[in-house]
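So you can see what is in the structure, the chains are spelled out below.
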Amino acid sequence: MKFSHIFILLLLTIIKCSCQPNRSGEKELVFDAIDLSRQSKAARPIVRTYTEKFYPAFETTPKVAVALSGFQASYIRPGISVDLVEATPTSFTYTVTTYPGASVKAVSVKWFATISPNINIGYYKEENPVAADIGNGTWMIAGEVPFKSGIGGEQLRAVAFISGFQFIKYTGVKLSPEVKGVHEENVGLEIYVSKSNIPKMVNIVVIQYKETAGSVLHHETAYNGALYSGIGCRHTTQSTTLPNDDYVDYYALSAFEFAAKRDYIMFYSVTLIDNERDTSVISEFFTHGNSKVHQARGSIFYI
C-alpha cells in the first residue's frame, strides 16, 4: 500500500473518532499518608481539583457526568463528593471533596461526556435534605433534576448514579436513588436512606436519554450476601450478554448499604469481552477488611 493511501486511511480514522458523540473514562485516586493526616485534622472540607482531556477533542462543548465507581474510607463520618466544575470541547474540570470526620484513602471516579442530542445530563446535590418516613425503618428524600433544554419527543428514560454523600455516623449507611417520573424538562428522584442515619448531603447525577439512544443494566448483589461477611478480600460477579452492536459507555455505583464499624470499602468494575456475535459484560463488586456491605448496586448505561 502506498504512503498516500495509508495517510488517507489514518485521516479518515481520525475524522471518524472526532465525530463520535461519546467519550468515557476512569480516574483512580489514592491518597498518601500525608494527605490522610491532613484529612484527619481538617475542620473544613478538603477540595482537590482535577482536569481530564478528551482524546480526540469534541467539536462543541459536551455534557459531562462524573460519579463514583468505588471508594475506601474510614472513621466516624464517611463523606465524599465528586463535582463537575466546567467543560470545554477539549477537557473538563472536576473536584473531589472529603469531609471532616472521614479518612478517604482511595476514590475511583467514572466520567462520561456526550454531544448526542438524545442524551441529557443533570445533577441533584442537596445539603441537609428533608426526608420523610415511609415505614419499615426507611426514609425518603424527594428531589428533581431540571433540564434547560429538553430532549423532546416520547420514550424518555433516565438512570441515576451516586456522585457523593456525607453521613453523620458510621452505622446504617444507606443510599439508594431511584428515578420516579421522566419528563422533557425534568427527572424526579426518590432517594431512600436509613431512618437511623439520614445523610447530611447527597449528590446524584442523572442521565436522561431517549429509549432509542441507549439502555441500562442494573447489577445488584444479594442482601447480606458474599460482600457482607468473611475474611480478607471478598467479591461477587455477574455476567450479561449484549448484542454485538451495543457498546457500554458508562457505569458507576447506583446504590449501597453498609454496616461497617471502621472501614467502608466498595469498588465496582465492568469488563467487556467481545465475541463475533455478542459482547459479554462482566461486572464485579469488591470489598475487604472490616467492611460489611449489606447490598450494592451498579448501573451500566450502554448504546
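In short, a report on the structure. (Residues numbered from 1 in each chain as written. Predicted model: local features only at pLDDT ≥ 70, side-chain atom pairs only at ≥ 80, totals over all residues. Heavy atoms only, no water.)

As for the pattern of salt bridges
Applying the stated criterion across every chain, the model contains six salt bridges. A salt bridge links D35 to R48; its shortest N-O distance comes to 2.8 Å. One end of the pair, D35, is in helix α2 (residues 33-41); the other, R48, is in strand β2 (residues 46-53), with 13 residues separating them in the sequence. Using a relative accessible area of 8% as the deciding quantity, one classes R48 as buried. The residue K125 makes a salt bridge to D83 at a minimum N-O spacing of 3.0 Å. With a gap of 42 residues between them, K125 in strand β7 (residues 119-127) and D83 in strand β4 (residues 79-87) connect regions that are remote in the sequence. Residue K125 is classed as partly exposed on the basis of its relative accessible area of 38%. Judged by its relative accessible area of 15%, D83 falls in the buried class. (Salt bridge = Lys/Arg side-chain N within 4 Å of Asp/Glu carboxyl O. Helix = DSSP H or I, 4+ residues; strand = E, 2+ residues; numbered from the N terminus. Buried < 20%, exposed > 50% of the residue type's maximum accessible area, 1.4 Å probe, protein only.)

Quick word on the environment of A158
Within the secondary structure, A158 is located in strand β10 (residues 156-166). Judged by its relative accessible area of 16%, A158 falls in the buried class. The spacing of A158 and I207 is 49 residues in sequence and 5.4 Å in space, taken between C-alpha atoms.

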